[in-house]
Each structure stands twice: as C-alpha cells, then as structure tokens.
Amino acid sequence: MKTNLRILLRYGAALLVALSILAPMGWLFLMSVSSTGDLSRVPLEWLPREWDFSRYTRLVSLAPNQPGNLFLHALGNSLLVASIATLISLFLAIPAAFSFSRYPGRDGWLFGALAIYMVPPVAFVLPLYFLLQQLDLLNTRPGLVIVYCSLILPFLTWMLKNQFDSLPRDIEQAARLDGLRFWQVLLRITLPLAKPVLGAAALFGWLLAWDEFFYALLFTSNISAQTLPVAIAGFTAGRATDDGLIAAIGILASVPPLFIAIWLQKTLVSGLASGGSKG
C-alpha cells in the first residue's frame, strides 16, 4: 500500500511539474492562433473560434513591410552571438577550470571572478560602454560577443571546476607517468570523462546568452546587431499591440533552444555511457 502511494505521489508530482511547464506554452500557442476578436472577447474562451496561422506566415516572410524582416534578422543575430560567445567561453573555461581543480592555491582568482560576477550588471554599464566605444564595437555583434563572454566564462569555469574535482585522479597520474603532458592529459583523459557536464555547461551558457536583454538593449541601437529579446521588446512598444503576434514570436523564439536541448541531451546520454565504460 505504501509502495503504491509512493508511486502515485511520484507520478502526481511529475504531472504537476509537466503542467507548470507546458501549460504556459500551450496558452501562448492558443493566443498566437486566435483572432483579434477572440483575444478581446469577454469572458475569454479557452479555444479560439477562428484558428488564424497568418501571424506565423508573416514572421517567416521577408516581404516588405512585414514583421518577418525584423524578426528573422534578430533571430540570426541571437543565434550567431550566443553560439560564438558560448564556444569561446567554453574553449577558455576548460583549461581554466582544469588548472583551478588540479593546482591548489589558485582559488583566490576563481573566487575573485565569481565575486565580480555577482555584482549587478548595471555597475558595469559605463566601463563596458567606454571599452566598446574605444574599440569601435558599439552596435556590433562582435561587441556583444565580448560582453557575453564576460558573463558566461566565470559561470562555465565554476561549473566545470566542480566536475573536474569529482573525477578520479589516478588515471591522470598514471598518464603523466607514461609521459603525457598537461594538454594531452586534459584532451585524452579528463575531457572524455567530463563529456556529460560539457554538454550541460554548453547548454546553460548558450541559454544565458540567448536570453540576455539588458546589455543587448544598451549596446545596440538598430537591427544590424539587435538580438531577439530586444526585438521582442520593440514589438510590444507600439501603440496598437498585436498580442497574438507577440505570442507567435514567443513560440518561434523557443524553437532553437528546444532543438539545441534535444541535441545536447543525446550528447549527454552518450557521454555518460562512454564515461562509465572508460572508468
């Protein structure tokens, strides 16, 4: 009896979590396919009387005077900036985290970086603005990449350092006795064992850059470098706001993170299997 109750509570909790995640997305989708009349009807009905998918067609169209021009350009900016910033941060965080983990006495640098990371972003607006201005990188995608790397790099370093601490060091010591150098041990021994957390770190770092709004709003001034969160805010700033169009933008904006999460999930599973077999 207790076992059945425990199973029932477990599935009930899982269902509650799933509903809390999927229900807002489901309502967002219903808003995106509802006509303006359905959205303004009082009392509001759960299902639209008229299913309208024209907003999605407008958002993926490059025809003149269509919102797709702004949306697709901002989507491309977000994909490019978030991906490049994540790759650069991951490339730098791996040796930094390995060094902090394997060589004691350097924790002060790590805690210093984390302390700076905890400072509110508004405190760095002026220094970053003057830096980008001197480098002529204001309102450019490379400028946003630099700013996002400053956000992602401390987070990834801390995350990977904790993972490296949990890995067995006997294999690394044996490899060093066999003549492998620092980089060879890192590439051939440590990284294959840490492959699962590399996928998780890349996912969280990418999402951190993908959702960033504050710096992108301040350091970009037009569509040439504006990212998707800033573009979405622009859609809501008009006098006559189309709530269904904004809902459709939210649905389409969630597609790239969803595909990346699914792709990295497979990487995580394969990494766990390979890491377990090598251990």
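Rules behind the numbers
- Residues numbered from 1 in each chain as written.
- Predicted model: local features only at pLDDT ≥ 70, side-chain atom pairs only at ≥ 80, totals over all residues.
- Heavy atoms only, no water.
- Helix = DSSP H or I, 4+ residues; strand = E, 2+ residues; numbered from the N terminus.
- Buried < 20%, exposed > 50% of the residue type's maximum accessible area, 1.4 Å probe, protein only.
- Areas by Shrake-Rupley, 256 points an atom, 1.4 Å probe, with all protein chains shown as cover.
- Lys, Arg positive; Asp, Glu negative; His and termini not counted.
- Charge placed at Lys NZ, Arg CZ, Asp CG, Glu CD.
- Salt bridge = Lys/Arg side-chain N within 4 Å of Asp/Glu carboxyl O.
- Polar contact = N/O pair within 3.5 Å; in protein donor to acceptor, adjacent residues only side chain to side chain.
- Contact = heavy atoms within 4.5 Å.
- Axes fitted to C-alpha atoms, helices over the stretch in contact; angles between N-to-C directions.
- Left-handed = near helix turned anticlockwise from the far one by under 90°.
- Nonpolar A, V, L, I, M, F, W, Y, C, P; charged D, E, K, R; others polar.

Student: Help me get a handle on the overall build of the protein, residues and values and all.
Tutor: A tally of helices and strands in the protein yields 14 helices and 0 strands. When the elements of the protein are put in sequence order from the N terminus, they spell out α-α-α-α-α-α-α-α-α-α-α-α-α-α. The 279 residues of the protein split such that 37% are buried. Accessible area for the protein stands at about 16,500 Å²; split by element, carbon and sulfur atoms hold 69% of it. Measuring between centres, the 19 positive side-chain charges of the protein sit 10 Å from its 14 negative side-chain charges.

Student: Please provide a residue-by-residue account of the side chain of Glu212, values included.
Tutor: You can see Glu212 is positioned in the loop between α10 (195-210) and α11 (214-219). Although buried, Glu212 forms no salt bridge, and the nearest oppositely charged side chain, Arg141, lies 14 Å from it. A polar contact is formed between the side chain of Glu212 and the backbone nitrogen of Tyr215, at a distance of 2.7 Å. Once residues within four sequence positions are removed from consideration, Glu212 is found in contact with Tyr148, Leu151, Thr227 and Pro229.

Student: Please provide a residue-by-residue account of the pattern of salt bridges, values included.
Tutor: Evaluated as defined, the whole model comprises 2 salt bridges. Its salt-bridge partner being Asp38, residue Arg41 comes within 2.5 Å of it at the nearest N-O pair. We classify Asp38 as buried; its relative accessible area is 6%. Across the salt bridge formed by Lys161 and Asp165, the nearest N and O atoms sit 3.0 Å from each other. Here Lys161 and its partner Asp165 are both found in helix α7 (residues 141-166), 4 residues apart, which amounts to about one turn of the helix. With relative accessibility at 13%, the residue Lys161 sits in the buried group.

Student: Let's hear about the packing of helix α4 (residues 68-102) against α7: which residues, and what values?
Tutor: Packing of α4 against α7 brings their axes to within 6 Å, and their N-to-C directions diverge by 35 degrees. Of the two possible hands of crossing, α4 and α7 adopt the one that is right-handed. Class assignment for the residues of the contact of α4 with α7 results in 22 nonpolar, 5 polar and 4 charged.

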